[in-house]
Amino acid sequence: KDGKCVWDVSASAIGRALFSGGRSIDDLALSSDASTGDGVTATHLLADAHMVPFLWKIDGYDELSRFIREKMGATPGEDFFEFPYDWRLDNRISAQRLQSAALNWLEKRRRQHADARLVLIGHSMGGLVARYFLGVLEGWRHTRMLIALGTPYRGSVKAFDFLANGLRKKLGPVKLLDLGRLIHSLPSVHQLLPIYPCAGETEDRLQGLEEIDRKEIGELDIGRARAGIAFHREIERAVEENRKDPDYGYRILPVVGTYQPTFQSALLTVDGIKPLLGYKGQTMLGGDGTVPRLSATPIELSKAKVETFVACPHASLQNFDPVRVQMRAALEDVDISELKAVAGEAISLDMQDAFAADDAV
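It should be emphasised that the depicted structure is a prediction, and the values quoted were computed from it without experimental measurement. (Residues numbered from 1 in each chain as written. Predicted model: local features only at pLDDT ≥ 70, side-chain atom pairs only at ≥ 80, totals over all residues. Heavy atoms only, no water.)

Q: Help me understand unusual backbone geometry, please; the structure alone is not making it clear to me.
A: If a residue is not glycine, its phi is most likely negative; likewise, a peptide bond is most likely trans. Of note, Asp2 is a non-glycine position whose phi angle comes to about 55°, a positive value. Take Asp2: its relative accessible area is 72%, and that puts it in the exposed class. Even without a glycine there, the phi angle at Ser124 is positive, about 60°. Looking at the element boundaries, Ser124 is found in the loop between β3 (118-123) and α5 (125-135). Taking the relative accessible area as the measure of exposure, Ser124 reaches 15% and is therefore buried. (Buried < 20%, exposed > 50% of the residue type's maximum accessible area, 1.4 Å probe, protein only. Helix = DSSP H or I, 4+ residues; strand = E, 2+ residues; numbered from the N terminus.)

Set out below in structure tokens:
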């Protein structure tokens, strides 16, 4: 913004976030000018590991980019393009920008390869941006495949937890972060809310957030929640309509992380919610630690059994070797029905992001 970097992965940036009580990150909160990002421009994909402590952690995309170039023979600027976007904005805006960029790339490619089509690889929210482009903006007409890594098609209870209960973290008496103003200003976070029946006063009587007769759930404004869920409903309606077209179709490869402790549902409380690892008594559903297993498959493919399951946390899906095997094999267009790679033994690690120097880990 104004020639200065406001979001990066340097040690100094993470230090500023922690030791300012999150104020350096909180400055990313959107004002009413949410369609432009308040003058911020996304210039490139983030490299290596980056994190908002306690909110999300992503391993970065340098290694994935290198894999695509070296193992798949892709050439940047010719048949390989990275699409950075402002993760704070309404995903519709990012999808419209993707449409403009992707169709421009494709038009240039087709001057030499008339039958060229798009292959989209989206991680997490990136998969939702791609889905809006493919469905609502009819990008499917130009697309061969979507590879979606940990995409929350049905939302995430983790986002519900942050929006309803707030996002404040302490180490002992020291307040590290208070990111409430930030997350409540972001349309994109509201578009991560669960769209399935996930909340109730008891575990066996769950409702969708659209159905709950309250103005607020803790700090979450129900009106904004419904607006976020409307984004998903728009995609659903578009997919249903598009499937009536005899030419409709593109392949979807959903990569689903599992065997990690993942919130599936929530109990309504006086002040907010109590997130639960189970769903109506079922405790083995799991997920990738952020996106529930039941959320990472497109709704129209719920019974198609096309998923690739991997024992891997959300932040690392794009850098997990079995995932890359699937991507490479799928793009080579060979029969991968017997190649669904998984780790030899599923493991998980569930711990805090930071500890005070004298605390036991």
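We are not done yet, so read on.
Q: Just checking my understanding: could you explain the sheet that holds strand β12 (residues 265-268) for this structure?
A: Across a sheet, paired strands are connected by hydrogen bonds in the backbone, their directions being either parallel or antiparallel. Reading across from one edge, β8-β7-β12-β13 is the order of the 4 strands in this open sheet, with mixed pairing throughout. The sheet is open, and its two borders are formed by β8 (205-207) and β13 (273-276), each paired with just one other strand. Taken pair by pair, the neighbouring strands of this sheet meet at an average axis angle of 35°, ignoring direction. Across 2 bridges, the pairing between strand β7 (residues 199-202) and β12 is parallel. By the bridge assignment, Ala199 is partnered in β12 with Ala266. Running at roughly 160° to β13, helix α6 (residues 157-165) makes contact with β7, β12 and β13 of the sheet. (Pairing = 2+ DSSP bridges. Axes fitted to C-alpha atoms, helices over the stretch in contact; angles between N-to-C directions. Contact = heavy atoms within 4.5 Å.)

Q: Just to check I follow, could you spell out the pairing of β7 for this structure?
A: Every other side chain in a regular strand lies on the same face of the sheet, so the side chains alternate between the two faces. As judged from the 2 bridges shared by β7 and β8, these two strands associate in the antiparallel manner. By the bridge assignment, Thr202 is partnered in β8 with Arg205. Connecting β7 to the next strand, β8, in antiparallel fashion are 2 residues.

Q: Looking at this structure, I do not really get the pairing of β13. What am I missing?
A: Looking at chain direction, β12 and β13 are connected through 4 bridges and run antiparallel. From the neighbouring strand, Leu267 faces β13, where its bridge partner is Lys274. If you look at the hairpin formed by β12 and β13, you'll find 4 residues sitting between the two strands.

Q: Please clarify how the nonpolar core should be interpreted in this entry.
A: Buried together is how nonpolar side chains tend to be arranged in soluble globular proteins. By size, the foremost hydrophobic cluster in this structure holds 64 residues, and its most contacted members are Phe133, Leu146, Phe160, Leu209 and Ile217. Only α4 (91-109), β3, α5, β4 (143-149), α6, α7 (180-184), α9 (222-242) and β12 provide two or more residues apiece to this core. Here this core gets 7 residues from one element, more than from any other, and that element is α5. Excluding its chain neighbours within four sequence positions, the residues that come into contact with Phe160 are Asn165, Leu193, Pro194, Cys198, Ala199, Leu209, Ile217, Leu220, Ala266 and Ile273. Core analysis: the next-biggest nonpolar cluster, separate from the first, contains 17 residues, Ile147, Leu149, Val255 and Leu317 among them. (Core = buried A, V, L, I, M, F, W, Y, C linked by side-chain atoms within 4.5 Å.)

Q: Would you mind going over a nonpolar patch on the surface with me for this structure?
A: On the surface, Leu349, Met351 and Val361 cluster together to form a nonpolar patch covering roughly 370 Å² of accessible area. One can find Leu349 in the segment after α10 (321-331). (Patch = residues over 30% accessible without salt bridge, like charges linked within 9 Å, V, L, I, M, F, W, Y side chains within 5 Å. Areas by Shrake-Rupley, 256 points an atom, 1.4 Å probe, with all protein chains shown as cover. Salt bridge = Lys/Arg side-chain N within 4 Å of Asp/Glu carboxyl O.)

Q: I'm lost on the sheet that holds β4 in this one. Help?
A: Taken together, the 4 strands give an open sheet; going across it, the order is β3-β4-β11-β14, and neighbouring strands pair in parallel fashion. Among the strands making up the open sheet, the edge pair consists of β3 and β14 (308-310). Shown here is a sheet whose adjacent strand axes are inclined to one another by a mean of 10°, direction ignored. Relative to strand β11 (residues 251-257), β4 runs parallel, the two sharing 5 bridges. Across the sheet, the residue bridging to Ala148 is Pro254, located in β11. Across the face of the sheet, α10 comes into contact with β3, β4, β11 and β14 while running at roughly 175° to β4.

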